[in-house]
Amino acid sequence: MWSDDFRTRSDVYVTWDYRSGEPNGLHHDPQTGVTIGYLDGEEVATDKAPTSDMKIENEEFHTDWISYSMDLASNIPILKAFDKPIAPAIDAEYDAKVYKNGDFEFSGTHDQAPSHEMYMMQYSSDWGFPIHQHEHQDFKYLFPPFPNCEWKISVINNELVENTQSISDDGEWERIGEDLKFTHISDQVSYSGGDFKAQIWGLSANDTNKTFKLYEYDPDNDDDYVGECTVTTNAYDCIWEGIDDATDGPNEKAELYLKTEAGTNVFAAVFYEDGWSKVGSSSEFTDESDRISVAEGQLKASISGNLSGKKTTFYLYEYDPDNSDDYVGRCTVSNDPYECVWEINDSNTDGPNELAELYLLTYSTDGPFSVSFQQKGDSWEKIGEDLEFTTTSDRVSSNGGNVKVNFSGYDASSTITFQLYEYDPDNGDDHIGECTVTGTKNSCNWKGIDVDGSNNKAELYILTNSTDCPFSAVFFD
């Protein structure tokens, strides 16, 4: 099941005595692979780093749980001068708390080189699932001051309660959910648009082909069949491309799940989307599409209709209620469907709401046409606004993480300080930070905002004592 191609590997066995129920001692099996050096394509050196580079510390044993820490600092064994390493070590560490019932809490940090993977396996079987994966970025990340990847994941009462990572899992794929234990039907995951991937685990040694079907949940009708994938090995990637039509609900998202024949196997699936989020659509238009509102970032239009074998030009315009609409760009389509991509910048998002109102225009008579608009996942999502306040803005609900607020309404020569607070109904409101804006800087960013409360949101508002008012504030996650 496992590849022998690794730089370092640390296996930790956490078990309880079957009869007494008391915890056994930890067993650590550290391993290192062979490092090979090449010069002009010729092998010139081989060596292995010592397994002592990996250490287990801070062990605690309880009836219901076992905790420990693992620390790794492994130099590249063939890069030495006078028997001293001349390259920085590969560093990683994590803290683990494993419960007898299968729940767990892990948190750690590691260099962004090489690739790092962590799995939870059932003792004495080949069933397991990934709990953390991070792809190699560049060997420069071994050196300070380049940042490490920090991650945390917790499963309590068989439910995922936390899964955070400071660096995205993959430059192309964004992890959006998982079900780490299902036999027949997986949990649902909210999908925003673009391509969809499910990485599936849990095949036994006797399984050679296992078919998984993808469905979209429909509360009012039978669930919609999207497609299927035959899995032949563990860590198998099933990819469904261009399934934007599934995002047809009022929230412009699709609730997707996997289904397979019931049996004795327990499966795990990690779900990803490719970073494009659906922001609007228009169907059956002949010359002008419906308008959409978007922030800065890449915009993709997936256009379909009577397009094959022809060259049809579509023009992207920004709606301007006070002047002629602004031309953004054009795209000539020759296949059905066809994708056009534009970069939306601050010259387009120039209205009071800091969004661009965009639409497609064509002079072709071959319609009707349909278009699905998507924006790259790292763009800002508007979560609320207060377009006229004096000292305290209206509250908005944030999902946490990074928050941006765009301000307007003040004189261009002014310098004004705004405070960001989180509302707390039971205690004093929490001060998050402050930001000063000027005539040339009207945007403030706050990072690492925590969420709490029963809705797992942060209720945020702006406070200022400036008399240069009224002000406008537009909030983004």
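Each value, and the rule that gives it
- Residues numbered from 1 in each chain as written.
- Predicted model: local features only at pLDDT ≥ 70, side-chain atom pairs only at ≥ 80, totals over all residues.
- Heavy atoms only, no water.
- Patch = residues over 30% accessible without salt bridge, like charges linked within 9 Å, V, L, I, M, F, W, Y side chains within 5 Å.
- Areas by Shrake-Rupley, 256 points an atom, 1.4 Å probe, with all protein chains shown as cover.
- Salt bridge = Lys/Arg side-chain N within 4 Å of Asp/Glu carboxyl O.
- Helix = DSSP H or I, 4+ residues; strand = E, 2+ residues; numbered from the N terminus.
- Buried < 20%, exposed > 50% of the residue type's maximum accessible area, 1.4 Å probe, protein only.
- Contact = heavy atoms within 4.5 Å.
- pLDDT = per-residue confidence, 0-100.

K.L.:
Could you give an account of a nonpolar patch on the surface, with specific residues and numbers?
P.N.:
Nonpolar side chains collect at one region of the surface, where Val34, Ile36 and Tyr38 lie side by side and expose about 310 Å² of accessible area between them. Along the chain, the position of Ile36 falls in strand S3 (residues 34-39). Taking the relative accessible area as the measure of exposure, Ile36 reaches 38% and is therefore partly exposed.

K.L.:
Could you give an account of the environment of Ser398, naming the residues involved and the relevant values?
P.N.:
Structurally, the position occupied by Ser398 is in strand S32 (residues 396-398). Among the residues examined, Ser398 registers a relative accessible area of 0% and is labelled buried. Considering only alpha carbons, one finds Ser398 and Asp477, 79 residues apart in sequence, at a separation of 6.6 Å. Once you skip the residues sitting within four places of it in the chain, Ser398 turns out to touch Ile383, Val403, Val451, Lys457, Ala458, Leu460 and Asp477.

K.L.:
Could you give me a rundown of the confidence of the model for the protein, with the residues and numbers involved?
P.N.:
In the predicted model, the protein carries a mean pLDDT of 83, and 90% of its residues have values of at least 70. Confidence, expressed as mean pLDDT per element, reaches its minimum in the protein at strand S14 (residues 159-165) with 69 and its maximum at strand S2 (residues 27-32) with 95. Below pLDDT 50 for its whole length, residues 167-171 participates in 11 contacts with residues either more than four positions away or in separate chains.

K.L.:
Quick one: what's the story with the pattern of salt bridges, residue by residue and with numbers?
P.N.:
With the rule as written, the count across this model stands at 3 salt bridges. Across the pair Arg9 and Asp11 runs a salt bridge whose closest N-O atoms are separated by 3.0 Å. Looking at Arg9, the relative accessible area reads 23%, which means it is partly exposed. Glu339 is the partner of Lys300 in a salt bridge, and the nearest nitrogen-oxygen pair spans 3.8 Å. With a gap of 39 residues between them, Lys300 in strand S25 (residues 297-305) and Glu339 in strand S28 (residues 338-344) connect regions that are remote in the sequence.

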